[in-house]
Amino acid sequence: FDVMAAAARSTAAPQKSQGTEDVKKGGTWAKDNIKPTSASFFRMTLGPLGLMTAPPLTVIVLIYTILHLEGSGSRLIEKFYDEGVLKAIISMHPSVDEMISAMKCVFAFMFLEILFMPLLPGKMYVGPVAPSGHRPTYKANGVLAFLTTAAVWAAGSYLGFFKAGILFEIALPMFAGLNIMSIFVCLCLYLKGLIAPSTPDNGSTGNIVFDYFWGTELYPRVGSWLWSIGWDVKQFTNCRFGMMIWGISLLSYAAHQYQTLGYITDAMLVSVLVQEVYVLKFFHWEMGYVNTMDIQHDRAGFYICWGCLVWVPSFYTAHTLFLAANPVTLGPACTAALVATGIAAVWVNFDCDDQKIRFRASGGKSAVWGAAPPRQIRAGYVTEKGESKEALLLLDGWWGLSRHFHYLPELLAAFTWCAPTLWQGTVSGFLYWPYLVWLLVDRAVRDDKRCLSKYGASWARYCKEVPYRIVPYVF
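Residue numbers here run from 1 along each chain, matching the order of that chain's written sequence. It should be noted that, the model being predicted, local features are given only for residues of pLDDT at least 70 and side-chain atom pairs only at 80 or more, the latter also being counted only at that level, while totals for whole chains, interfaces and linings use all residues. Side-chain calculation: all heavy atoms of the structure are included, whereas hydrogens and water are not.

Participant: Please give an account of the overall build of the chain that cites residues and values.
Facilitator: Helix and strand counts for the chain stand at 19 helices and seven strands. It is over C-alpha atoms that the radius of gyration is taken, and the globule rule equals 2.2 Å times the number of residues to the power 0.38. Computed over C-alpha atoms, the radius of gyration of the chain comes to 22 Å, within 12% of the 23 Å expected from 2.2 N^0.38 for 475 residues, which places it in the range of a compact globule. Two residues form a contact once any of their heavy atoms are found within 4.5 Å. Taking all contacts inside the chain whose residues are at least 6 apart in sequence as the whole, residues at least 24 apart take part in 78%. On the chain, roughly 19,400 Å² of surface is accessible, and the fraction owed to carbon and sulfur atoms is 67%. Charge convention: Lys and Arg are scored as positive, Asp and Glu as negative, and His as well as the terminal groups of each chain are ignored. Charge positions come from single atoms, namely NZ of Lys, CZ of Arg, CG of Asp or CD of Glu. Counting 38 positive and 33 negative side-chain charges, the chain places the centres of these two groups 9 Å from one another. Only runs of H or I of at least four residues qualify as helices and only runs of E of at least two qualify as strands under DSSP, and these elements are numbered from the N terminus. Each accessible area value is a Shrake-Rupley result obtained with a 1.4 Å probe; residue values ignore everything except the protein chains displayed when judging cover.

If you want it as structure tokens, here you go:
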């Protein structure tokens, strides 16, 4: 997912020759957006059913364990043994009344973000070419929306409309309510893609389970009768809800700790500060995010939409929730080292993306690490309509080190904001980091396949010249 926090990028690598190489022979892009290349029963049915069942239950169990069992895996196993797994999970689940109360706050938050998308000022940005040739339009006001949302949270809590630590207090019923809400949201998106798609980039595999999981539409939009460009569903779920509530939740968790202890621990400071820098970086780079595989390739189904409506707000903040419930003290030296390392890693991650954005915006003429113009490939590709297009692939700078080098600083930054949870001797608060390692490795593999399909011969040559996916000379 991206996002999250961070996303897979189309990249290129250094080669011996200088200048540019024109590659006219490209692939036909993203046909697997309609039908996957592998149609096994496991991939089409059993796998999606498992992924639509296990993660939602994992969210409930993990958040309950952090809040009520001090993050202890042994106490969780003991509870399962004493009560039985099914009864234990049922006992963990919040009541209907608790969920309704929590979801009132969620709907108010969503309504605010829906208003901010068209009302806050920002430049219009035309996105990348879709397989059908369609180019979506977005309004670039993410940073202002994030700062305005944080200001509304601060003002609302100061004026007594709600407690500053409200998202900590309603965490479990909120995530349980989002679980249920997402089922219906994804059902609506499934039907919309079949009945009233927004663009030609839609279709069905004929398998209801897979279509619900993967989605039936690439760029669903709603409300064009109120706003000329309409609300892009994935920009809302991925950016304006998932990433937005990630950043606000951190502030709320820190506020709860302050209200409880009378101070904020250094471990909480590390976790919140580095993540807030990362989230702010994301919104500064939001229009770059719409060029990633989350938006260009992944359809608006359970996989991406449940992930951003539930998994990101819960699992991606679980380490900070853990620190709010289980205070940890690091000491000045460790605190300074983690903050400095984390912020430096976020900067490198940002510079990787910014380097490519500036390169492409200049038509391949901007200097990269002293090279002007930098080495590059003009790679051709073909849309489903048979239209020939061209993309610039950068061969210098960060993109000359490995095909997905930008994942390395992201993993380092994530380690710094998760590591303080290990001081308590439990791993429940640290689970996000090994999950992110798996996620980014998987994304790197998937993106390589997608880019090979899109760019054909030029990407095949690129992979031969740069054999490392993420870590130079290692992997």
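From this point on, the discussion continues.
Participant: Describe the state of the cysteines, naming the residues involved and giving the relevant values.
Facilitator: Throughout, disulfides are identified as pairs of cysteine sulfur atoms within 2.5 Å of each other. Scanning the entire structure with this criterion turns up zero disulfides. Distance from the sulfur of Cys352, which forms no disulfide, to the nearest cysteine sulfur (Cys451) is 16 Å. Here's how the labels work: a residue is buried when its accessible area is under 20% of the maximum for its type, exposed when over 50%, partly exposed in between, all with a 1.4 Å probe on protein chains only. The buried category is assigned to Cys352, whose relative accessible area is 0%.

Participant: Explain the packing of helix α2 (residues 54–68) against helix α15 (residues 318–325) to me, and be specific about the residues and the numbers.
Facilitator: As a rule, the C-alpha atoms of each element are fitted with a line to give its axis, helices using only the stretch in contact, and angles between N-to-C directions run from 0 to 180 degrees. In contact at an axis separation of 9 Å, α2 and α15 are set at 20° when each is read in the N-to-C sense. By the angle class used here, α2 and α15 are roughly parallel. Note that α2 runs across α15; the crossing there is right-handed. The segment α2 lies against α15, with Leu62, Ile63, Ile66 and Leu67 engaging Ala318, Leu321, Phe322 and Ala325. Of the residues assigned to the contact of α2 with α15, the class counts are eight nonpolar, no polar and no charged. With respect to orientation, any angle under 35 degrees is reported as roughly parallel, any angle over 145 as roughly antiparallel, any angle of 65 to 115 as roughly perpendicular, and every other angle as oblique. Working rule for handedness: look at the near helix, and if it is turned counterclockwise from the far one by less than a right angle, call the crossing left-handed; if clockwise, right-handed. Side-chain classes follow a simple rule in which Ala, Val, Leu, Ile, Met, Phe, Trp, Tyr, Cys and Pro form the nonpolar group, Asp, Glu, Lys and Arg form the charged group, and the remainder, Gly included, forms the polar group.

Participant: Which residues make up a nonpolar patch on the surface, and what are the values?
Facilitator: Every patch collects residues that have over 30% relative accessible area and no salt bridge, joining them within 9 Å if they carry like charges and within 5 Å if they are nonpolar side chains (Val, Leu, Ile, Met, Phe, Trp, Tyr). In what follows, salt bridge is the name for a side-chain nitrogen of Lys or Arg lying within 4 Å of a carboxyl oxygen of Asp or Glu. Where nonpolar side chains cluster on the molecular surface, the patch consists of Ile180, Ile183, Phe184, Leu187, Leu191, Leu194 and Ile195 and spans about 660 Å² of accessible area. You can see Phe184 is positioned in helix α8 (residues 171–195).

Participant: Could you give me a rundown of the environment of Trp227, with the residues and numbers involved?
Facilitator: Along the polypeptide, Trp227 turns up in the loop between β4 (221–222) and β5 (231–232). Residues Trp227 and Ala176, 51 residues apart in the sequence, show an inter-C-alpha distance of 32 Å. Those residues in contact with Trp227 that lie beyond four places of it in its chain are Met117, Pro118 and Lys139.

Participant: Go over the packing of aromatic side chains, please, and point to the residues and values.
Facilitator: Stacked, tilted and edge-to-face pairs are distinguished by plane angle, under 30 degrees for stacked and over 60 for edge-to-face with tilted covering the rest, among Phe, Tyr and Trp rings (Trp via its six-membered ring) whose centres lie within 6.5 Å. On inspection of all chains with the given rule, the structure shows 34 aromatic pairs. Between Tyr316 and Tyr435 the ring centres are 6.1 Å apart and the planes differ by 65°, which places this aromatic pair in the edge-to-face class. Separated by 119 residues along the polypeptide, Tyr316 in the loop between α14 (302–315) and α15 and Tyr435 in helix α18 (residues 432–455) bring together distant segments of the chain. For Tyr316, a relative accessible area of 0% puts it in the buried group. Considering the side-chain rings of Trp398 and Phe405, the 5.4 Å spacing of their centres and the 10° angle between planes classify their relative orientation as stacked. Note on Phe405: relative accessible area 10%, which makes it buried. Linked through ring pairs, Tyr212, Trp246, Tyr278, Phe302, Trp306, Trp311, Phe315, Tyr316, Trp417, Tyr432, Tyr435 and Trp438 together constitute an aromatic cluster. When the ring centre of Tyr138 is taken as origin, the NZ or CZ atom of Arg221, which lies over that ring, is 5.1 Å away. Charges are assigned to positions over rings by a cutoff of 6 Å between ring centre and Lys NZ or Arg CZ, combined with an angular limit of 35 degrees from the ring normal. A cation over an aromatic ring shows up here: Lys234 above the ring of Tyr219, its NZ or CZ 5.6 Å from the ring centre.

Participant: How would you sum up the packing of helix α11 (residues 266–284) against helix α16 (residues 332–361)? Please name residues and give values.
Facilitator: One way to put it is that α11 packs onto α16 with a least axis distance of 9 Å and a crossing angle of 10°. In terms of their interaxial angle, α11 and α16 are classed as roughly parallel. Contacts between α11 and α16 involve Asp266, Val270, Leu273, Val274, Val277, Tyr278, Lys281 and His284 on the former and, on the latter, Thr335, Leu338, Val339, Gly342, Ile343, Val346, Asn349 and Phe350. A per-class count over the contact of α11 with α16 returns 10 nonpolar, four polar and two charged.

Participant: Describe the nonpolar core, and please don't skip the residues or the numbers.
Facilitator: In this structure, Met174, Leu178, Phe241, Trp246, Tyr316, Trp417 and Tyr432 are the most contacted members of the largest nonpolar core, which totals 116 residues. When neighbours within four sequence positions are excluded, Met174 is seen to be in contact with Ala102, Met103, Val106, Leu167 and Ile245. With 12 residues, the next largest nonpolar core counts Tyr381, Leu393, Leu395 and Val466 among its residues. Put simply, a nonpolar core is a bunch of buried Ala, Val, Leu, Ile, Met, Phe, Trp, Tyr and Cys residues held in one set by side-chain atoms that sit within 4.5 Å of each other.

Participant: Lay out the pattern of salt bridges in plain terms, naming residues and giving numbers.
Facilitator: Evaluated as defined, the whole model comprises 14 salt bridges. As a salt-bridge pair, Arg221 and Asp232 come within 3.3 Å of each other at their nearest N and O atoms. In this pair, Arg221 is assigned in strand β4 and Asp232 in strand β5, connecting sequence segments 11 residues apart. We note a salt bridge from Asp298 to Arg446, for which the minimum N-O separation is 3.4 Å.

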